[in-house]
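Working through the structure, step by step
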Amino acid sequence: MTAKFVYFFGGGSAEGKGTDKQLLGGKGVNLAEMTNVGLPVPPGFTITTEVCNLYYKNNLKYPDGVADQVKEHIIRLENLLGRKFGDPLKPLLVSVRSGAAVSMPGMMDTILNLGLNSQTVDSLAKETGNRRFALDSYRRFIQMFGDVAMGVPHKMFEIALDHRKEQAAKRLGLEEAKDTDLNEEELAALVQDYKRIYQKEKGSAFPEDPYIQLWGAINAVFGSWNNPRAITYRRLNDIQGLLGTAVNVQSMVFGNMGNASATGVCFTRDPSSGENIFYGEYLINAQGEDVVAGIRTPQQITLHGSRTWAKNNGVLEENRKKEFPSMEETMPEVYRELVDIRNRLEKHFKEMQDMEFTIQNGQLFMLQTRTGKRTAFAEIRIAVEMVEEGLIDEKTAVKRVNPNNLPSLLAPIFDGGELTKAIQEGRVLTTGLNAGPGAAAGKIAFTAEKAVEMAKKGEKVLLVRVETSPEDIEGMHISQGILTARGGMTSHAAVVARGMNKACVAGAGELKIQEEKGILSVKGQEFHEGDWLSIDGFTGKIFAGKITTQPSEIEQVFINGTMPLTQSKLASQYARLMGWADSFRKLKVRTNADTPHDSAVAVKYGAEGIGLCRTEHMFFAPDRILAMREMILAGTESDRRHALDKLLPFQREDFIGIFKAMEGKPVTIRLLDPPLHEFLPHDEKNQTEVAKSLGITSDEIKNKVEELNEFNPMLGHRGCRLGISYPEITEMQTRAIIEAACAIQKSGKQILPEIMVPLVGNVKELIHQKAVIMKTAEIVLKEQGVQLDFLVGTMIEVPRAAITADKIAEVAEFFSFGTNDLTQMGCGFSRDDSGRFLPMYVEQGIYEKDPFVALDQEGVGEFVRIGTTRGRTTKPNLKIGICGEHGGEPSSVEFCHRIGLDYVSCSPYRVPVARLAAAQASLR
């Protein structure tokens, strides 16, 4: 029996259902859902993602039965609508769209008006009594099919269109004509222009047979799954594990039939702020691609939105009402129907929806609904407010917020003083749409390629385009912000920027951009590539020059204390969400911090201790490095101890400051880890200066540098090997830690120091170092007259340590996996050098992710699992965490939860990410 590859929807029912998302894709499953709940959806069918998967597995050949099932469903569609594919009198026309299980806006290809040819275009004209509309639909189809399905360069069609628009402008006496200004004769000529372009490029006439057109379009959609921009989008958004895209074939409805027709996109809530207001844009006498591609700046659906837009763009109310009216004003009955559908869909899906619709001669049709992409600000607000409204529970709210988006809540805003000054100086150039979060300043780049080139030189870039396209994805990714002259809140630039949580201002219509000349002009001012501009993604304002940014509201409330919590809705809702997260998670979250300041910041972000304090970072300060170098250059133990005595008070005071900041929370302090040569000067000038300061010769320093030089320092004389060679270093550091802890305890506060020995690979190394630590601690505690609890453990970062963890646990009181070095040694990669080839490895699928960013669970993660299991075989209650950079990466946090670690540790600003990721891991 042949498998079912095609699912029908229409006539009030659908074969698919809400649980079929992986099979039907997001678009297909939601078309089925909308059909089943009785919404006005044009009928059609979905070819499953399984077909896409098999298509690629079978060397771009379809499985048996697919062609027959597609034809069968075309006939079913013909019978339902009373039309026939290719019929010269009453033709069936369809759209062909992609739709993966995870939304990928603008990343794959769409073809509209399929089924038109030299005969059916005349039939469409007669049936509708609107020849201009029929010709406009035909020229759009030729362009989309030629570009998407057959690879005819898009630009060639645009050149022909611009030529005909210039003719229309002369005829009408306009400076510039729009595509809607073309009359029947000009459109008929344009159709012939397009056909000639196709013939020249492909060496054959444009296909007349609708089935040839249909399979060309289906091939194009499946082919688009692996086009460069789709691959890049999946890589940047960490989209993995999908079968492929589905193909949705749907009967056409037309928004370009005249002024009673329109097309648009709307959101059940504001996608930028998350406010519970209906938000959307539409274009009269247009097709959907015009809105998404940003070819024309659309009008607002609601009256409130229209008036807000007019105010931001300096448009008087009288002119707004006449030239830019809202749908609420121009099509009140359709508007009310759309509002009702908005309410029904949000209650049905219990999630903010992004909807596409078409109005054909006053009749509303729903073409799509999907979970709406939103900024991190909106994500939190929507989650919290939906709990308050009773739509979802707290667990659902926590699961809905992407932990990777939390850092954007810290997105900078403009410095208040500089912003005021810029406004007073008249540096506001114009205002566009506030399409993406945060403020950004950068040097203008007019192409994505130029943006990438400039960023590689270390420059901060602002990508400035007439409109962005999917091909711009790399340039958008590396830019500080994105600015476009055309397009609305649902244009490609806006949707992708929100997905990236990047500052974006779109649809700034007063900007005149000449990309080829590298000139931006606005209100008589000219700017060139490399000039500074600043944009505010919160207000849409665009400024000449550079404006310094300042911390976000979250940072002002929780870190700096410069704004009361009651004054920030964002901070209040963030605090509620994180409170819920903390109630669900089981993993503790600590921080990697080396200073009192970083420790205090981490505590304010919710850190429950320090998982890694790197003592070597304390030695590089100008007032300490000389004593450190003196210790390294010492020729005898006595001289080394003399230098270490100078470092002791610095270390002790640092630890006192950190202990105070942590307010009684556990603090894991790693003993000296890096090779000693890192502390010595390697250039002649600095060697001479140090020699002079220490009263020795430059040759003595040069000789010591040569003596300490190693072929592979990462695997050389470092970590516990230093403490074994020079136990006086371990003694000094232990004394500093214990004396600091005693000082804190004497002040009436509690503290639990955890002394961590680095780079242990053999239990005997730990036995040696623990003996030094315990003996020194005993002496100090006697001197201080204090009883103090402390732990001695080790950092598991050598593969041998993970394998022999049962033996090491006999001596260690805790384990902390140093996943940075464990990755280096486990994979055989140098973190400093692997950047030359690891991106290629990820691109080719050798590794799913950079193993220094996300834990290689199959390999390095197995060392962590083995070490954990074997360590707890010896000590069932052994405390275990990780302190590598992976401690703040969500998939790595989930892994740590799954194998039963006690905590993860990460940088202070990743603590919220780890807290939320740990909660989501518990809720899975």
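First, a word on what this report is: a plain description of the structure on this page. (Residues numbered from 1 in each chain as written. Predicted model: local features only at pLDDT ≥ 70, side-chain atom pairs only at ≥ 80, totals over all residues. Heavy atoms only, no water.)

1. Focus on the overall build of the protein
Scanning the protein from terminus to terminus reveals 37 helices and 32 strands. For the protein, the spread of C-alpha atoms along the principal axes amounts to about 105 × 70 × 55 Å. Here the protein holds 924 residues, and the buried ones make up 57% of them. Within the protein, counting contacts between residues at least 6 apart in sequence, those at least 24 apart form 69% of the total. (Helix = DSSP H or I, 4+ residues; strand = E, 2+ residues; numbered from the N terminus. Buried < 20%, exposed > 50% of the residue type's maximum accessible area, 1.4 Å probe, protein only. Contact = heavy atoms within 4.5 Å.)

2. Examining the packing of aromatic side chains
In this structure the tally under the stated criterion is 24 aromatic pairs. On the numbers, 5.6 Å between centres and 55° between planes, the contact of Phe558 with Tyr574 is tilted. Taken together, the positions of Phe558 in helix H21 (residues 553-560) and Tyr574 in helix H22 (residues 569-584) put the pair 16 residues apart, joining distant regions of the chain. Among the aromatic residues, those joined into a ring-pair cluster are Tyr55, Tyr56, Tyr62, Trp215 and Phe222. Above the plane of the ring of Tyr211 lies Lys71, whose end atom (NZ or CZ) is 5.6 Å from the centre. Of note, Lys546 hangs over the ring of Trp532, and the distance from its end group to the ring centre comes to 4.7 Å. (Phe/Tyr/Trp six-rings, centres within 6.5 Å; stacked < 30°, edge-to-face > 60°. Lys NZ or Arg CZ within 6 Å of the ring centre and 35° of its normal.)

3. As for the state of the cysteines
Within the structure shown, the criterion is met by zero disulfides. Distance from the sulfur of Cys613, which forms no disulfide, to the nearest cysteine sulfur (Cys883) is 11 Å. Given a relative accessible area of 0%, Cys613 falls into the buried group. With no disulfide of its own, Cys883 lies 11 Å from the sulfur of Cys896, the closest cysteine sulfur. Look at Cys883 and you get buried, because its relative accessible area is 2%. (Disulfide = S-S within 2.5 Å.)

4. Some remarks on the sheet that holds strand S13 (residues 428-431)
Spatially, eight strands are ordered S13-S23-S22-S15-S16-S17-S18-S14 in an open sheet, and the strand pairing comes out mixed. Only two strands of the sheet have a single partner each, and these edge strands are S13 and strand S14 (433-436). Along the sheet, successive strands turn relative to each other by an average axial angle of 30°, direction set aside. Where strand S16 (residues 461-465) meets strand S17 (residues 481-484), four bridges bridge the pair, whose relative direction is parallel. Looking across to S17, one finds that Val464 is bridged to Leu483. (Pairing = 2+ DSSP bridges. Axes fitted to C-alpha atoms, helices over the stretch in contact; angles between N-to-C directions.)

5. Focus on the pairing of strand S10 (residues 353-360)
With seven of eight residues buried, S10 is to be regarded as a mostly interior element. By the bridge criterion, six bridges tie strand S7 (residues 262-267) to S10 in an arrangement that is antiparallel. Counted as the bridge partner of Cys266 is Met355 from S10. Linking S10 back to strand S11 (residues 363-371) in an antiparallel pair, the connection comprises two residues, with Asn361 at a positive phi of about 50°.

6. Comments concerning helix H23 (residues 596-604)
Taken together, the buried positions of H23 are Ser599, Val601, Ala602 and Val603. Next to the buried residues of H23 lie H21, strand S25 (588-592), strand S26 (610-614), helix H25 (637-662) and helix H37 (911-923). Just beyond H23, the residue with positive phi is Gly606, at close to 105°.

7. Side note on the pattern of salt bridges
Under the definition given, this model contains 55 salt bridges. The shortest N-O distance in the salt bridge between Lys421 and Glu425 comes to 4.0 Å. For Lys421, a relative accessible area of 49% puts it in the partly exposed group. Classification of Glu425 by relative accessible area gives partly exposed; the value is 46%. Here Glu467 ties to Arg486 by a salt bridge, and the two come within 3.1 Å at their closest N and O atoms. Placement of Glu467 in the loop between S16 and helix H19 (473-478) and of Arg486 in the loop between S17 and helix H20 (492-500) is noted, with a sequence separation of 19 residues between them. Its relative accessible area of 33% is what places Arg486 among the partly exposed residues. Taken together, the shared-partner salt bridges connect Asp582, Arg585, Lys588, Glu608 and Arg915 into one network. (Salt bridge = Lys/Arg side-chain N within 4 Å of Asp/Glu carboxyl O.)

8. Quick look at the nonpolar core
In summary, soluble globular proteins display a tendency toward joint burial of nonpolar side chains. Ranked by internal contacts, the top residues of the largest apolar core, which has 139 residues, are Val398, Leu409, Met628, Phe655, Phe659, Ile738 and Phe815. Apart from the residues lying within four places of it in its own chain, the contact partners of Met628 are Phe619, Leu647, Leu672, Leu676 and Phe679. (Core = buried A, V, L, I, M, F, W, Y, C linked by side-chain atoms within 4.5 Å.)

9. Side note on the side chain of Asn248
Within the element layout of this structure, Asn248 appears in strand S6 (residues 245-251). A polar contact is formed between the side chain of Asn248 and the side chain of Thr46, at a distance of 2.8 Å. In this structure, Asn248 is in contact with Lys27, Gly28, Leu31, Phe45, Thr46, Ser95, Val96, Arg97, Ser98 and Gly99, ignoring residues within four places of it in sequence. (Polar contact = N/O pair within 3.5 Å; in protein donor to acceptor, adjacent residues only side chain to side chain.)

10. Some remarks on the sheet that holds strand S27 (residues 667-670)
What the eight strands build is a closed barrel, ordered S25-S26-S27-S28-S29-S30-S31-S32; its pairing is parallel. Between one strand and the next, the sheet's axes are offset by a mean angle of 25°, whatever the strand orientation. Judged from the four bridges that link them, strand S30 (residues 814-817) and strand S31 (residues 879-882) form a sheet pairing that is parallel. Looking at S31, one finds that Ser816 is bridged to Gly881. Here helix H30 (residues 763-784) sits on the sheet and contacts strand S28 (753-757) and strand S29 (791-796); the angle it forms with S29, its principal contact strand, is near 150°.

11. Considering the side chain of His73
With respect to the helices, strands and loops of the structure, His73 is situated in helix H3 (residues 66-81). A residue is classified by how much of its surface remains accessible, and His73, at 3% relative accessible area, is buried.

12. Examining the environment of Leu766
Tracing the backbone through its elements, the reader meets Leu766 in helix H30. Residue class for Leu766 comes out buried when judged on its relative accessible area of 0%. C-alpha of Leu766 to C-alpha of Gly793: the two residues are 27 residues apart in sequence and 8.4 Å apart in space.

13. Considerations on the pairing of S27
Burial of S27 is two-sided: the residues Val667 and Ile669 facing one way and the residues Thr668 and Arg670 facing the other way are all buried. Alignment of S26 against S27, held across three bridges, turns out to be parallel. From the neighbouring strand, Cys613 faces S27, where its bridge partner is Ile669. In terms of strand pairing, S27 meets S28 through four bridges, oriented parallel.

14. A few points about the environment of Thr48
Position of Thr48 among the secondary structure elements: in the loop between strand S3 (44-47) and helix H2 (49-57). Measuring from C-alpha to C-alpha, the distance between Thr48 and Gln920 comes to 30 Å, with 872 residues separating the pair along the chain. Those residues in contact with Thr48, other than ones at most four positions away along the chain, are Phe5, Tyr7, Leu23, Leu24, Phe222, Thr245 and Ala246.

15. A short note on unusual backbone geometry
Keep in mind that most residues, glycine aside, have a negative phi and that most peptide bonds are trans. Not every positive phi belongs to a glycine, and Asn113 is a case in point at roughly 65°. Of note in the backbone geometry, Glu663 takes a positive phi value of approximately 50° without being a glycine. Relative to the helices and strands, Glu663 resides in the loop between H25 and S27. Owing to a relative accessible area of 59%, Glu663 belongs among the exposed residues under this scheme.

16. What about the packing of helix H15 (residues 376-388) against H22?
Closest axis-to-axis distance for the H15/H22 pair is 9 Å, and the angle between their directions is 65°. Taken together, H15 and H22 sit at an angle that is classed as roughly perpendicular. Crossing handedness for the pair H15 and H22: left-handed. For the pair H15 and H22, the contacting residues are Phe377, Ile380, Arg381, Val384, Glu385, Val387 and Glu388 in the first and Lys569, Leu570, Gln573, Tyr574, Arg576, Leu577 and Trp580 in the second. Classifying every residue of the contact of H15 with H22 by side-chain character gives eight nonpolar, one polar and five charged. (Parallel < 35°, antiparallel > 145°, perpendicular 65-115°, else oblique. Left-handed = near helix turned anticlockwise from the far one by under 90°. Nonpolar A, V, L, I, M, F, W, Y, C, P; charged D, E, K, R; others polar.)

17. Let's talk about a positive patch on the surface
On the surface, Lys764, Arg800, Lys807 and Arg870 cluster together into a positively charged patch. With respect to the element layout, Lys807 can be found in helix H32 (residues 805-808). (Patch = residues over 30% accessible without salt bridge, like charges linked within 9 Å, V, L, I, M, F, W, Y side chains within 5 Å. Areas by Shrake-Rupley, 256 points an atom, 1.4 Å probe, with all protein chains shown as cover. Lys, Arg positive; Asp, Glu negative; His and termini not counted. Charge placed at Lys NZ, Arg CZ, Asp CG, Glu CD.)

18. Notes on the packing of helix H24 (residues 622-633) against H25
Running from N to C, H24 and H25 cross one another at 145°; their axes reach a closest spacing of 8 Å. Once H24 is placed against H25, the crossing between them reads as left-handed. Residues Asp623, Arg624, Ala627, Met628, Glu630 and Met631 of H24 form the contact with H25, whose own contacting residues are Arg640, His642, Ala643, Leu644, Lys646, Leu647, Phe650 and Asp654. In terms of residue class, the contact of H24 with H25 is built from seven nonpolar, one polar and six charged.

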